[in-house]
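A look at the structure
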Number of protein chains: 2
Amino acid sequence: MKIQVLYSGGKDSSLAAILLEPFFEVELVTCTFGLESSWENAREAARELGFPFKLVRLGPEIMDESIDVMLKFGYPRPGINLVHRRALETVAVSGEAKHIADGTRRDDRAPMLTMPEIRSLEDSHNVRYIRPLAGYGRHAVDELVAMHLEIVEGDTAAVAKADYETEVRSAMRGRLGDAVYRRIFPPEHTQSRVLRRYKS
Amino acid sequence: MKIQVLYSGGKDSSLAAILLEPFFEVELVTCTFGLESSWENAREAARELGFPFKLVRLGPEIMDESIDVMLKFGYPRPGINLVHRRALETVAVSGEAKHIADGTRRDDRAPMLTMPEIRSLEDSHNVRYIRPLAGYGRHAVDELVAMHLEIVEGDTAAVAKADYETEVRSAMRGRLGDAVYRRIFPPEHTQSRVLRRYKS
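Source: prediction; values computed, not measured.

Next up on the list: the sheet that holds strand β2 (residues 25-32) of chain A. Residue and element names in this part refer to chain A. Taken together, the five strands give an open sheet; going across it, the order is β3-β2-β1-β4-β5, and neighbouring strands pair in parallel fashion. At either margin of the open sheet sits one strand with a lone partner, and together these are β3 (53-57) and β5 (128-130). On average, each strand axis in the sheet is tilted by 30 degrees relative to the strand beside it, whichever way the strands run. Pairing of strand β1 (residues 2-6) with β2, which is carried by five bridges, proceeds in the parallel orientation.

Listed below in structure tokens is the structure:
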């Protein structure tokens, strides 16, 4: 069974792919608005992991909608959730795999779909949405990551990976200026990027 | 890393063990109040799967507490949740593994720990509690089960497995009579038991 895993090049989506590997035919899918080339980091990481990689373009209306939602709420979480949901829908609509997955964890708050959103995604597009890390807490994730992956961690500015948040951050800064950007996004945000997979 | 998986011999806990197998050293653990020998079904299923098996005794005060809670609420879910939580605690307290798991799924309502109960379990006993099926819906579980396991399904009376619910049902019926038992428990309850694992 083929499964498409939403992929950022970070430790969570990498571990999700590794946990699925013995049971599915995994393809890593990175979404981009086409505004930056940060997706290339994900392609590099995918090569290191040894999985096929695919780039998927998200429409500019999703970016507009996301920024509107962040401005309305005054913090990024609802906008990040919205982009994530639209990305899953975009992959589901393509119809290339009956199973789609991501690297969201038990303790994550964003991106995170609600149960009604999950049911809607699955029923509307006849897909199964799988979250391999949904039953893993932070410590368990960190232990498995340490066994399987060499990673670099740091704040968003230092560690280039390829989640849509990078592009949304840049777009908001560019469109609305530094003051608005700093009001919406907290200054520190730890990211990880995969450098290498340990051979077991 | 050793992981102890709460095991009933049913499809969910069997699939949970299979999903963990490539990443952990799995031991299946079946809990019993020692009132029936239904745990032998789980031992049989464990042998078919090819995992080591262990029997763990639950104290009679857990049974008493569970029946009290069911009578108080008038339906079994809170009592089943309580026994499950106590079973996880009993396994965690033994200190034999730093990781404990079960076969609870995304769409399950019972047994199911709340997030505060999960944090309490992990922090009090310094264990990681993992739910491999937490990110899998019913259809995805059924597909994976069909790929890996031959099962028999039917109602509780017909399919003997080894969840504590079987023992709690019998104990309640014996102590409080058929009328009370039938008021608390719904008549139909589909169970599954593993017969065989397909070699991949």
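Following the structure, the description resumes.
Evaluation of the coordinates by the stated rule reveals 40 salt bridges over all chains. The partner of Asp178 of chain B in a salt bridge is Arg182 of chain B, and the shortest N-O contact between them spans 2.7 Å. Here the residue Asp178 of chain B and the residue Arg182 of chain B both occupy positions in helix α7 (residues 164-184), the gap between them amounting to four residues, near one helical turn. A residue is classified by how much of its surface remains accessible, and Asp178 of chain B, at 34% relative accessible area, is partly exposed. Take Arg182 of chain B: its relative accessible area is 52%, and that puts it in the exposed class. Here the salt bridges share partners, and the residues they tie into one network are Arg106 and Asp107 of chain A together with Arg119 and Glu122 of chain B.

With that settled, consider the side chain of His99 of chain B. Looking at the secondary structure, you find His99 of chain B in strand β4 (residues 99-101). For His99 of chain B, a relative accessible area of 3% puts it in the buried group. Of the polar contacts made by the side chain of His99 of chain B, one reaches the side chain of Glu143 of chain A; its length is 2.6 Å. Those residues in contact with His99 of chain B that lie beyond four places of it in its chain are Glu143 of chain A together with Met1, Lys2, Ile3, Gln4, Phe24, Arg128 and Ile130 of chain B.

Two copies of one chain are present, and they are related through a rotation about an axis combined with an axial shift. If you rotate chain B by 180 degrees and push it 0.0 Å along the axis, it lands on chain A with an RMSD of 0.0 Å. Read as a symmetry element, the transformation amounts to a two-fold axis. The C-alpha atom lying nearest the rotation axis in chain B is that of Ala134 of chain B; the distance is 2.8 Å. By residue overlap, the copies meet face to face through one surface: 96% of the interface positions of chain B are interface positions in chain A.

Glancing now at the confidence of the model for chain A. On average, residues of chain A score 93 in pLDDT, and 96% of them are at 70 or above. For this predicted complex, the interface score ipTM comes out at 0.93, while the overall pTM is 0.94.

Turning our attention to the environment of Ser170 of chain B. Structurally, Ser170 of chain B is set in helix α7. Residues Ser170 of chain B and Pro116 of chain B, spaced 54 residues apart in sequence, show a C-alpha to C-alpha distance of 31 Å.

With that settled, the discussion passes to the interface of chain B and chain A. Listed per partner, the contact involves 28 residues of chain B and 27 residues of chain A. Here chain B packs against chain A, burying approximately 2300 Å² in sum over the two surfaces, 61% of which is carbon and sulfur. Ranking the residues of chain B by area buried against chain A places Phe23, Arg106 and Glu143 of chain B at the top, with a combined share of 27%. Run the count over chain B and chain A and you get six salt bridges. With a shortest N-O distance of 2.7 Å, Glu143 of chain A and Arg128 of chain B are connected by a salt bridge. Where chain B meets chain A, there are eight residue pairs in polar contact (both at pLDDT 80 or more).

With 56 residues, the main nonpolar core has Leu20, Leu28 and Tyr136 of chain A together with Leu20, Leu28 and Tyr136 of chain B as its most contacted residues. Those residues in contact with Leu28 of chain B that sit more than four places away from it in its chain are Val5, Tyr7, Ala17, Ala46, Leu49, Phe51, Pro52, Phe53 and Lys54 of chain B. The next biggest cluster of nonpolar side chains, apart from the first, holds 30 residues, and it includes Ile67, Ile100, Leu113 and Tyr181 of chain B.

Residues and elements named next belong to chain A. Judged by how many residues are buried, β2 sits mostly within the fold: seven of eight residues are covered. The parallel pair β1 and β2 is bridged by helix α1 (residues 11-20), and the resulting crossover is right-handed. Looking at chain direction, β2 and β3 are connected through five bridges and run parallel. Within the sheet, the bridge partner assigned to Thr32 lies in β3 and is Arg57. Between the parallel elements β2 and β3, the chain passes through helix α2 (residues 39-49) in a crossover that is right-handed.

Conventions and cut-offs
Residues numbered from 1 in each chain as written. Chains lettered and ligands numbered in written order. Predicted model: local features only at pLDDT ≥ 70, side-chain atom pairs only at ≥ 80, totals over all residues. Heavy atoms only, no water. Pairing = 2+ DSSP bridges. Helix = DSSP H or I, 4+ residues; strand = E, 2+ residues; numbered from the N terminus. Axes fitted to C-alpha atoms, helices over the stretch in contact; angles between N-to-C directions. Salt bridge = Lys/Arg side-chain N within 4 Å of Asp/Glu carboxyl O. Buried < 20%, exposed > 50% of the residue type's maximum accessible area, 1.4 Å probe, protein only. Polar contact = N/O pair within 3.5 Å; in protein donor to acceptor, adjacent residues only side chain to side chain. Contact = heavy atoms within 4.5 Å. Least-squares fit on C-alpha atoms with pLDDT ≥ 70 in both. pLDDT = per-residue confidence, 0-100. Buried area = accessible area lost by both parts, 1.4 Å probe. Core = buried A, V, L, I, M, F, W, Y, C linked by side-chain atoms within 4.5 Å. Right-handed = clockwise from strand over helix to strand, strands pointing away.

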